[in-house]
Amino acid sequence: MHDFFQRHVLPHLGLKVFSLALSVALWAVLTREPVAEVAIDAPIEFQHMPDNLEIDSEHIPTAQVRVRGPERLITRLRPAEIHVQVDLAGAKPGERTFDLSAQQVREPRDLEIVQVVPSQLQLSFDARETRTIEVRPRVTGKFASGLRIGQVLATPAVITVSGPHSRVVSIDAASTDPIDASGVTSSQTFSTHVYIPDPLIQVVHPAPIHVTVIMTKVAGVSGGD
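Residues numbered from 1 in each chain as written. Predicted model: local features only at pLDDT ≥ 70, side-chain atom pairs only at ≥ 80, totals over all residues. Heavy atoms only, no water.

Visitor: What should I look at first to understand the overall build of the protein chain in this one?
Guide: Across its full length, the protein chain carries four helices and 18 strands. A buried classification covers 28% of the 225 residues belonging to the protein chain. Long-range pairs, those at least 24 residues apart, make up 75% of the contacts in the protein chain between residues at least 6 apart in sequence. Surface accessibility of the protein chain: about 14,700 Å² in total, with carbon and sulfur atoms responsible for 54%. (Helix = DSSP H or I, 4+ residues; strand = E, 2+ residues; numbered from the N terminus. Buried < 20%, exposed > 50% of the residue type's maximum accessible area, 1.4 Å probe, protein only. Contact = heavy atoms within 4.5 Å. Areas by Shrake-Rupley, 256 points an atom, 1.4 Å probe, with all protein chains shown as cover.)

Have a look at this one:
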């Protein structure tokens with residue numbers, strides 16, 4: 001055994017070690033799994049929202065997340081698996097800027113977050129306000145000669161809305177979708193919905209609004225064709 005070692009192993013030992021290392025490196029290169037990268041648009045999830053606080057920002061962007069990893073995983077990656085999370089604990093009324101980095105992204109194992117765009121997110125907060133406001137129906141139409149709208153009744157006559165304080169206190173009524181009362185000669189009830197143009201104000205208990213249009217005769221005008 002000793003003679004075998006001296007005869008076959010020791011001669012050109014350095015060259016043999018180098019050849020072995022080169023073979024191992026070449027094998028690693030040839031068998032290494034390809035790496036791929038993809039950009040995914042992910043929604044921003046808000047966690048630990050303080051009670052009685054509202055986000056007073058109309059436009060909240062999605063985040064573009066660049067993900068890198070083994071090609072077999074990247075090709076099977078679904079956008080729903082990427083979550084950008086922002087912790088709102090401690091937020092107060094006013095503006096606040098949040099950093100968006102790899103630490104805020106929840107992703108499958110064996111994947112690397114390369115970049116998050118935008119890198120920051122600025123939000124405005126306001127105290128939550130709840131208020132009862134009047135319902136004002138919008139009625140249009142062409143009516144027979146001698147008739148006009150005498151009364152318009154909405155049921156319910158008021159609704160409860162909620163949203164950022166500064167927005168809620170700035171409105172005093174909610175209008176309905178337009179109601180075409182053409183052809184009504186006495187009274188008729190229509191079913192419609194309220195509309196609030198501010199997207200951050202919501203109706204607490206959405207429900208159809210029943211609007212009754214009551215016609216009356218115009219004094220001194222006779223009906224007829």
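After presenting the structure, the write-up continues.
Visitor: Explanation requested: the nonpolar core in the structure shown.
Guide: Nonpolar side chains tend toward joint burial in soluble globular proteins. The biggest cluster of nonpolar side chains holds 26 residues, and the ones touching the most others in it are Val65, Val67, Ile82, Val84 and Phe125. Sorting the residues of this core by element identifies β1 (35-42), β3 (53-55), β4 (63-70), α3 (71-74), β5 (83-87), β8 (112-117) and β9 (120-136) as the ones contributing at least two each. Not counting residues within four places of it along the chain, the set of residues in contact with Val67 comprises Ala36, Glu37, Val38, Ile74, Leu77, Ile82, Leu111, Glu112 and Ile113. Membership of the second largest hydrophobic core comes to 19 residues, among which are Leu147, Ile179, Ile196 and Val211. (Core = buried A, V, L, I, M, F, W, Y, C linked by side-chain atoms within 4.5 Å.)

Visitor: Mind showing me how you'd approach the sheet that holds strand β2 (residues 44-47) here?
Guide: Hydrogen bonds between backbone atoms are what pair the strands of a sheet, whose relative direction is either parallel or antiparallel. Taken in spatial order, the three strands of this open sheet run β2-β5-β7, and their pairing is mixed. At either margin of the open sheet sits one strand with a lone partner, and together these are β2 and β7 (105-106). With four bridges connecting them, β2 and β5 associate as parallel partners. Bridge pairing in β5 links Gln47 to Asp87. (Pairing = 2+ DSSP bridges.)

Visitor: I'm lost on the packing of aromatic side chains in this one. Help?
Guide: To describe a pair of aromatic rings, you give the distance between the ring centres and the angle between the ring planes. Enumeration over the complete set of coordinates arrives at one aromatic pair. Seen from their ring centres, Phe98 and Phe125 are 6.4 Å apart, and the 75° between their planes marks the pair as edge-to-face. Taken as a pair, Phe98 in strand β6 (residues 94-99) and Phe125 in strand β9 lie far apart in primary sequence, 27 residues in all. The same class applies to Phe98 as to Phe125, namely buried. (Phe/Tyr/Trp six-rings, centres within 6.5 Å; stacked < 30°, edge-to-face > 60°.)

Visitor: Mind showing me how you'd approach the pattern of salt bridges here?
Guide: Pairing between side chains becomes possible if they bear opposite charge and their charged atoms approach one another. Applying the stated criterion to the full structure yields nine salt bridges. As a salt-bridge pair, Glu37 and Arg68 come within 2.9 Å of each other at their nearest N and O atoms. Placement of the pair is Glu37 in strand β1 and Arg68 in strand β4, with a sequence separation of 31 residues. Glu37 sits in the partly exposed class, given a relative accessible area of 35%. Among the residues examined, Arg68 registers a relative accessible area of 31% and is labelled partly exposed. Two residues, Asp56 and Arg167, come together in a salt bridge whose shortest N-O distance is 2.4 Å. (Salt bridge = Lys/Arg side-chain N within 4 Å of Asp/Glu carboxyl O.)

Visitor: Got a minute to help me understand the sheet that holds strand β15 (residues 187-192) in this structure?
Guide: Taken in spatial order, the three strands line up as β11-β18-β15 in an open sheet, and their pairing is antiparallel. Each edge of the sheet is formed by a strand with only one pairing partner; in this case those strands are β11 (147-155) and β15. Strand-to-strand twist of the sheet, defined as the mean angle between neighbouring strand axes without regard to direction, takes the value 25°. Sheet analysis places β15 next to strand β18 (residues 209-217), joined by six bridges and oriented antiparallel. Considered in β18, the bridge of Ser187 is made with Ile214. (Axes fitted to C-alpha atoms, helices over the stretch in contact; angles between N-to-C directions.)

Visitor: It is not clear to me how the side chain of His83 should be interpreted in this structure. Could you clarify?
Guide: Position of His83 relative to the elements: it lies in strand β5. Only 2.4 Å separates the side chain of His83 from the side chain of Glu45, close enough to count as a polar contact. Here His83 is in contact with Glu45, Gln104, Val105 and Arg106, once residues within four sequence places are set aside. (Polar contact = N/O pair within 3.5 Å; in protein donor to acceptor, adjacent residues only side chain to side chain.)

Visitor: Explanation requested: the layout of surface pockets in the structure shown.
Guide: Over the atoms, a rolling probe the size of a water molecule traces out where space has been left empty. Considering only enclosed or pocket space, the largest pocket measures out at about 200 Å³ in volume. Only β12 (158-164) and β16 (194-195) provide two or more residues apiece to the lining of the largest pocket. With three residues, the single largest contributor to the lining of the largest pocket is β12. Here the lining of the largest pocket is built from residues that sort into twelve nonpolar, three polar and no charged. (1 Å grid on protein atoms, 1.4 Å probe; cavity = no way out; pocket = protein on both sides within 12 Å on 5 of 7 lines; lining within 4 Å. Points joined across faces, edges and corners; volume = space filled by probe spheres on them. Nonpolar A, V, L, I, M, F, W, Y, C, P; charged D, E, K, R; others polar.)

Visitor: In this structure, what is going on with unusual backbone geometry? I would like to understand it.
Guide: What you tend to see is this: most non-glycine residues have negative phi, and most peptide bonds are trans. For the bond running from Val117 to Pro118, omega is 0°, close enough to zero to count as cis. As for its placement among the helices and strands, Pro118 is situated in the loop between β8 and β9. With omega at -5°, the peptide bond leading from Thr155 into Pro156 counts as cis. At His48, a residue that is not glycine, the phi angle is positive and equals roughly 55°. Mapped onto the fold, His48 is located in the loop between β2 and β3. His48 gets classed as exposed once you look at its relative accessible area, which sits at 55%. Of note, Asp110 is a non-glycine position whose phi angle comes to about 70°, a positive value. As for its position among the elements, Asp110 is in the loop between β7 and β8. Judged by its relative accessible area of 58%, Asp110 is exposed.

Worth remembering: the numbers are spatial, not functional.
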